[in-house]
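Coordinate analysis (summary)
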Amino acid sequence: MKHLRDWIFSIPTVVAFGLTLVWYDLRGRFALRGGLRRFEKAMADLQASLLKVFAISGVDVEFEGREGFAERGGFLFISNHQSMFDVPIFGGALTENYPKYVAKRELAKGIPSVSLNLKRGGNALIDRGDRAQAIEAIAELGRTCEERNVSAVIFPEGTRSRDGSLGSYRTAGAIALLAAAPNLAVIPTVVDGSWKVFKNNMLPIPYGTKVRVRFGEPIARHAGESVDAIVEACRVFAEATLAEWHSSPEPAS
């Protein structure tokens, strides 16, 4: 019965997901005529809408620590990575922080709304086979975020977890991002449960999936700091939080 319920709610979720991407692709292209900020607002609405779309399948996202930093302005979020659902989690929760992402170039074509946002929204598109290009693109992202006072999200694992476990942090990109934006505070972040949403590529989505997100205390920046130590502190925060969550029951719905 549970499997049947998963399919019953997944079908309208998938349909709504596709229609939402198409609608916001059209809206985004129109918004670009009014400039980058207007486009960013449209993409913020897109990501908030996607959270509502997945709620059709009972996906429930619980946030902790959101009150610990301003609702507007630039921050650098260093987070673990479990699925594509992580992107609307950040974008839907931080609608006026306008988070930017580091993504592989291949995602910048062929996906309504997603590809448009990656190409035109000020994100860092990287070639995984060209380390120098990737580092420079990430550094440019950091410089731009600091100049515009908007946020960036980086996933140092470099790939999505298939089972919720924490992978090794590849620190070069995160270090380049922090070095290029020395005045933006760092927010250690942990996501758990989002891997379940896409574990079957949405066919079906496990009904009632619980997703937890914890934002840590902002790490202020200062001259002479060790950016390596900041990245390691974010990894330790993620490791400890996941260990805590995995040893205790999921939050009640």
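Presented here is an overview of the structure given in this document. Note that this is a predicted model, so its numbers are computed, not measured.

With that out of the way, let us pick up the overall build of the protein. A tally of helices and strands in the protein yields 8 helices and 7 strands. Taking 2.2 N^0.38 as the reference for a compact globule, 253 residues should give roughly 18 Å; the C-alpha atoms of the protein span a radius of gyration of 18 Å, in line with that estimate. Once the C-alpha set of the protein is aligned to its principal axes, its extents read approximately 60 × 50 × 35 Å. Counting across all 253 residues of the protein, residues that qualify as buried make up 51%. Across the protein, contacts joining residues at least 24 apart in sequence account for 76% of those joining residues at least 6 apart. For the protein, the exposed area adds up to about 11900 Å²; of that, 56% sits on carbon and sulfur atoms. Side chains of the protein carry 31 positive and 28 negative charges; the gap between the two charge centres is 8 Å.

Moving on to helix H1 (residues 2–31). For H1, built from 30 residues, the straight-helix expectation of 44 Å at 1.5 Å per residue is met to within 8% by its first-to-last C-alpha distance of 42 Å. By the largest-angle criterion, Ser 10 marks the main kink of H1, which is about 30°, and a proline, Pro 12, follows within four residues. Those residues of H1 that sit buried are Asp 6, Ser 10, Thr 13, Ala 16, Thr 20, Leu 21, Tyr 24, Asp 25, Gly 28 and Ala 31. Close packing links the buried residues of H1 with helix H2 (36–55) and helix H4 (114–120).

Inspection of every chain in the model, using the stated rule, returns 13 aromatic pairs. Note on Phe 75 and Phe 77: the rings are 6.4 Å apart at their centroids and 65° apart in plane angle, and the pair reads as edge-to-face. Exposure class is identical for Phe 75 and Phe 77. Each is buried. A ring pair is formed by Phe 77 and Phe 90, whose centres lie 6.0 Å apart and whose planes are at 65°; its orientation type is edge-to-face. Here Phe 77 is found in strand E2 (residues 76–79), whereas its partner Phe 90 is found in helix H3 (residues 86–93), with 13 residues between them in sequence. The class of Phe 90 is buried, set by a relative accessible area of 1%.

This next bit is on the environment of Val 231. Turning to its location among the elements, Val 231 is positioned in helix H8 (residues 227–246). Val 231 gets classed as buried once you look at its relative accessible area, which sits at 1%. For the pair Val 231 and Trp 245, spaced 14 residues apart in the sequence, the C-alpha separation amounts to 21 Å. Excluding residues that lie within four positions of it along the chain, Val 231 makes contacts with Ile 78, Tyr 169, Thr 171, Ala 174, Ile 175 and Leu 178.

What follows concerns empty space enclosed by the protein. Counted under the stated rule, the structure contains 1 cavity of 30 Å³ or more. Space inside the largest cavity adds up to approximately 110 Å³. Around the largest cavity sit 14 residues that line it, and Glu 40, Met 43, Gln 47, Tyr 98 and Pro 99 are the ones nearest its centre. Mapped onto the lining of the largest cavity, the elements with two or more residues apiece are H2 and strand E3 (100–104). When residues in the lining of the largest cavity are grouped by element, the largest group, 4 residues, is from H2. Broken down by class, the residue content of the lining of the largest cavity amounts to 6 nonpolar, 6 polar and 2 charged.

Quick look at the layout of surface pockets now. The computed volume of the largest pocket comes to approximately 1100 Å³. Broken down by secondary-structure element, the contributors of at least two residues to the lining of the largest pocket are H1, H2, H3, E3, H4, helix H5 (131–148) and helix H6 (171–180). The residue inventory of the lining of the largest pocket, partitioned by class, reads 25 nonpolar, 8 polar and 8 charged. By volume, the second largest pocket amounts to about 160 Å³. Lining the second largest pocket are Gln 82, Ser 83, Met 84, Arg 160, Ser 161, Arg 162, Trp 195, Phe 198, Lys 199 and Asn 201. Residues belonging to the lining of the second largest pocket are distributed by class as follows: 3 nonpolar, 4 polar and 3 charged.

What follows concerns a nonpolar patch on the surface. On the surface, a cluster of nonpolar side chains totalling about 510 Å² of accessible area is made up of Met 1, Leu 4, Ile 8, Phe 9 and Ile 56. Relative to the helices and strands, Phe 9 is located in helix H1. Since its relative accessible area comes to 30%, Phe 9 is described here as partly exposed.

Of all hydrophobic cores here, the largest spans 30 residues; its most connected members are Leu 76, Ile 78, Leu 177, Leu 178, Val 186 and Val 231. For this core, the elements supplying multiple residues, two or more each, are E2, strand E4 (124–126), H5, strand E5 (152–154), H6, strand E6 (186–192) and H8. Top contributing element to this core by residue count: H8, with 7 residues. If you look at the next biggest cluster of nonpolar residues, it comprises 23 residues, including Val 59, Phe 69, Leu 94 and Phe 215.

What counts, and where the lines are drawn
- Residues numbered from 1 in each chain as written.
- Predicted model: local features only at pLDDT ≥ 70, side-chain atom pairs only at ≥ 80, totals over all residues.
- Heavy atoms only, no water.
- Helix = DSSP H or I, 4+ residues; strand = E, 2+ residues; numbered from the N terminus.
- Rg over C-alpha atoms; globule rule 2.2 N^0.38 Å.
- Buried < 20%, exposed > 50% of the residue type's maximum accessible area, 1.4 Å probe, protein only.
- Contact = heavy atoms within 4.5 Å.
- Areas by Shrake-Rupley, 256 points an atom, 1.4 Å probe, with all protein chains shown as cover.
- Lys, Arg positive; Asp, Glu negative; His and termini not counted.
- Charge placed at Lys NZ, Arg CZ, Asp CG, Glu CD.
- Expected span 1.5 Å × (residues − 1).
- Bend = angle between axes of the 7 residues up to and from the residue.
- Phe/Tyr/Trp six-rings, centres within 6.5 Å; stacked < 30°, edge-to-face > 60°.
- 1 Å grid on protein atoms, 1.4 Å probe; cavity = no way out; pocket = protein on both sides within 12 Å on 5 of 7 lines; lining within 4 Å.
- Points joined across faces, edges and corners; volume = space filled by probe spheres on them.
- Nonpolar A, V, L, I, M, F, W, Y, C, P; charged D, E, K, R; others polar.
- Patch = residues over 30% accessible without salt bridge, like charges linked within 9 Å, V, L, I, M, F, W, Y side chains within 5 Å.
- Salt bridge = Lys/Arg side-chain N within 4 Å of Asp/Glu carboxyl O.
- Core = buried A, V, L, I, M, F, W, Y, C linked by side-chain atoms within 4.5 Å.

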